[in-house]
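Tertiary structure, described
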Amino acid sequence: MTLPPNASPGYLVNHLARLFAGALQSRIKPMGLSTGVFPVMLHLWQRDGLMQRDLVDLVGVEQATMANTLARMERDGLIQRRPDPEDGRAQRIWLTEQGESLREAATSAAKEENLSVLAGLSNDESAQLVGLIRKAIKTFEDRQRIS
């Protein structure tokens, strides 16, 4: 028996993620951002000067995908790469003034979308949903570390 889409956790989470990404995209596109670069920006806003391999791990994408994303971000004036002072072969990723200047507007847009998606839930339900999603993510990550 096939699991109907409206009963499949994978389908539902994916569908919600696509809806959320589309809504967020419409808010951040006028700022010159996309949902592809947004996770990288979030991590750099939190801790500027990360290495590409750090961003690969934090965002959870392939090395080649991150390299392409960073190349687009550099082309668009959002980041710059500078040699690591301790390892001249490695580069650190730094936000430009332009990239830093988008922080408030972009994170506000994301916060508003988060509130919007949770608007039909009570505070307890919202906290429970976020906790369950974190738990599911941890389960996947733990399983990947083992294999």
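Scroll up for the structure.
The following refers to the structure shown. Please read all numbers here as calculations on a predicted model, not as lab measurements. (Residues numbered from 1 in each chain as written. Predicted model: local features only at pLDDT ≥ 70, side-chain atom pairs only at ≥ 80, totals over all residues. Heavy atoms only, no water.)

A closer look at the sheet that holds strand E1 (residues 50-51)
Read across the open sheet, the 3 strands follow the order E1-E3-E2; overall the sheet is antiparallel. Each having just a single partner strand, E1 and strand E2 (79-83) make up the two edges of the open sheet. Alignment of E2 against strand E3 (residues 91-95), held across 5 bridges, turns out to be antiparallel. Note on E3: the bridge partner recorded for Arg81 is Ile93. Contacting E1, E2 and E3, helix H2 (residues 38-46) runs over the sheet at an angle of about 90° to E3. Sitting on the sheet, helix H4 (residues 63-75) touches E2 and E3, and the angle it makes with E2 is about 110°. (Pairing = 2+ DSSP bridges. Helix = DSSP H or I, 4+ residues; strand = E, 2+ residues; numbered from the N terminus. Contact = heavy atoms within 4.5 Å. Axes fitted to C-alpha atoms, helices over the stretch in contact; angles between N-to-C directions.)

Here's the deal with the layout of surface pockets
Estimates place the volume of the largest pocket at around 1,400 Å³. Lining the largest pocket are 26 residues, and of these Val13, Ala17, Phe20, Ile133 and Ile137 lie nearest its centre. Among the elements of the structure, helix H1 (9-28), H2, helix H6 (103-118) and helix H7 (123-146) are those that each provide at least two residues to the lining of the largest pocket. Split by residue class, the lining of the largest pocket holds 21 nonpolar, 3 polar and 2 charged. A volume near 170 Å³ is recorded for the second largest pocket. Around the second largest pocket, the lining residues are Asp57, Leu58, Val59, Gly60, Glu141 and Gln144. Mapped onto the lining of the second largest pocket, the elements with two or more residues apiece are helix H3 (52-59) and H7. Sorting elements by how many residues they give to the lining of the second largest pocket places H3 first, with 3 residues. (1 Å grid on protein atoms, 1.4 Å probe; cavity = no way out; pocket = protein on both sides within 12 Å on 5 of 7 lines; lining within 4 Å. Points joined across faces, edges and corners; volume = space filled by probe spheres on them. Nonpolar A, V, L, I, M, F, W, Y, C, P; charged D, E, K, R; others polar.)

Quick look at H4
With 13 residues, H4 should cover 18 Å at 1.5 Å per step; its first-to-last C-alpha distance of 18 Å lies within 8% of that length. Taken together, the buried residues of H4 touch H2, H3, E2 and E3. Positive phi appears at Gly77, one or two residues downstream of H4, with a value of about 80°. (Expected span 1.5 Å × (residues − 1).)

Quick notes on the pattern of salt bridges
Tallied over the full model, the rule gives 9 salt bridges. A salt bridge links Arg75 to Asp76, with the shortest nitrogen-to-oxygen separation between them at 2.9 Å. We classify Arg75 as exposed; its relative accessible area is 61%. The salt bridge partner of Lys138 is Asp142, with a shortest N-O separation of 2.5 Å. (Salt bridge = Lys/Arg side-chain N within 4 Å of Asp/Glu carboxyl O. Buried < 20%, exposed > 50% of the residue type's maximum accessible area, 1.4 Å probe, protein only.)

What about the environment of Glu112?
One can find Glu112 in helix H6. According to the relative accessible area criterion, Glu112 is partly exposed, its value standing at 41%. Sequence separation between Glu112 and Leu24 is 88 residues, and the spatial gap between their C-alpha atoms is 9.1 Å.

Focus: the packing of aromatic side chains
Each aromatic ring pair is summarised here by two numbers: the centre-to-centre distance and the angle between the ring planes. If you walk through the whole model with that rule in mind, you get 1 aromatic pair. Ring centres of Phe38 and Trp45 lie 6.1 Å apart, and the angle between their planes is 75°; this geometry places the pair in the edge-to-face category. (Phe/Tyr/Trp six-rings, centres within 6.5 Å; stacked < 30°, edge-to-face > 60°.)

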